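# Descriptive structure summary
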Amino acid sequence: MTTPVSPTAGRPLPPKDDTMILFSDINKWYGDYQALADINAEVKKGEVVVVCGPSGSGKSTLIRTVNRLEEVKSGQLLFDGHDIHAPMGSAALNRLRSRIGFVFQSFNLFPHLSVLENIMLSPMRVLGVKRADAKTKAGQLLERVGLSSKAGAYPAQLSAMLFDEPTSALDPEMVGEVLSVMRGLAHDGMTMMCVTHEMNFAREVADRIWFMDAGRILEKADPETFFRSPQHPRAQRFLSDLRAH
């Protein structure tokens, strides 16, 4: 017996003037494994969407398609009206990427530092590189990937921010600092997609929560509805397991 999907979870959505990110029938495979299945969803301008679900559910893959770190097999993905996965040259792709900030799971950027300062930090602190030399090298790296114009940019100056488990490798004190910065960005109206297991943060900051499992968005809801009365049985079990722990 197939478990029913929430009625709002798989419906194709037409683009609107207030839509920043639009997923239309997105599918992705790794060989025979389907990582994303029939994704239809939208993120409005200034909206904070938290993507949650069990490990291996496709959350990180989904968020990485937004700036084409992951290619899709079929479907259309629009970012502010531009088709991210349409054939385009590297220069055009880099122009789109320059409007999207990304904080990865495996290494964390500092939102209070500029793009250039983030790149300079590690060579200076870890390798002892002089500031002037680190600045020159950082500028060269940004030029190589077409992002020289964003050297002095901060997250708040970008069109959207994507967070892939930004607190997973941090100690509790740093987790609080990062979440505080993210709350500030949300308060300032930044469009954000965030993959996280920090459910308290999701409850407090998210405008919408997407629950994923097996490559599908099974439920979309506002935080109050999701945490009080999730509709999909898999989401109910997920929250029950969280409360039990």
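Remember, it's a predicted structure, so these values are computed and weren't measured experimentally. (Residues numbered from 1 in each chain as written. Predicted model: local features only at pLDDT ≥ 70, side-chain atom pairs only at ≥ 80, totals over all residues. Heavy atoms only, no water.)

### Quick notes on the packing of aromatic side chains
Going through the model one piece at a time under the given rule, you end up with four aromatic pairs. On the basis of an interplanar angle of 80 degrees and a centroid distance of 6.0 Å, the ring pair of phenylalanine 23 and tryptophan 210 is categorised as edge-to-face. Of this pair, phenylalanine 23 sits in strand S1 (residues 19–30) while tryptophan 210 is found in strand S9 (residues 208–213), placing the two residues 187 residues apart along the sequence. Pairing phenylalanine 211 with phenylalanine 238 gives two aromatic rings, centres 5.2 Å apart and planes at 55 degrees, and the pair type is tilted. Remark: phenylalanine 238 occurs in helix H8 (residues 233–244) and phenylalanine 211 occurs in strand S9; sequence separation between them is 27 residues. Judged by relative accessible area, phenylalanine 238 falls into the buried class, the value being 9%. Here a set of aromatic residues connected by ring pairs shows up, and it is made of Phe211, Phe226, Phe227 and Phe238. Stacked on the ring of phenylalanine 227, the Lys or Arg arginine 203 has its end atom at 4.3 Å from the ring centre. (Phe/Tyr/Trp six-rings, centres within 6.5 Å; stacked < 30°, edge-to-face > 60°. Helix = DSSP H or I, 4+ residues; strand = E, 2+ residues; numbered from the N terminus. Buried < 20%, exposed > 50% of the residue type's maximum accessible area, 1.4 Å probe, protein only. Lys NZ or Arg CZ within 6 Å of the ring centre and 35° of its normal.)

### What to know about the pairing of strand S3 (residues 48–52)
By the criterion of burial, S3 is predominantly enclosed, with five of the five residues buried. As paired elements, S3 and S9 share four bridges and run parallel to each other. Looking at the pairing, valine 51 lines up with tryptophan 210 of S9. (Pairing = 2+ DSSP bridges.)

### Re the sheet that holds strand S5 (residues 82–83)
Sheets are built from strands that pair by backbone hydrogen bonding, the pairs being arranged parallel or antiparallel. Pairing is antiparallel in the open sheet, where four strands are placed in the order S2-S1-S4-S5. Each edge of the sheet is formed by a strand with only one pairing partner; in this case those strands are strand S2 (33–44) and S5. Where strand S4 (residues 74–79) meets S5, two bridges bridge the pair, whose relative direction is antiparallel. Of the residues in S5, the one forming a bridge with leucine 78 is aspartate 83.

### Points about the pattern of salt bridges
Tallying each qualifying case throughout the model produces nine salt bridges. Note that aspartate 38 is salt-bridged to arginine 216, the shortest N-O span being 3.5 Å. Of this pair, aspartate 38 sits in strand S2 while arginine 216 sits in strand S10 (residues 216–221), and the two are 178 residues apart along the sequence. Here the residues in one salt-bridge network are Lys28, Arg64 and Glu70, joined through shared partners. (Salt bridge = Lys/Arg side-chain N within 4 Å of Asp/Glu carboxyl O.)

### Points about the confidence of the model for the chain
In this model, the chain carries a mean pLDDT of 83, and residues with pLDDT of at least 70 account for 86%. Low pLDDT, under 50, characterises residues 1–13; the stretch is placed with 23 contacts to residues that sit more than four places away or in other chains. (pLDDT = per-residue confidence, 0-100. Contact = heavy atoms within 4.5 Å.)

### Observations concerning unusual backbone geometry
One non-glycine residue, aspartate 25, adopts positive backbone phi at about 55 degrees. Relative to the helices and strands, aspartate 25 is located in strand S1. On the basis of relative accessibility, which here comes to 38%, the residue aspartate 25 falls in the partly exposed class. The phi dihedral of aspartate 38 is positive, around 50 degrees, even though this residue is not glycine.

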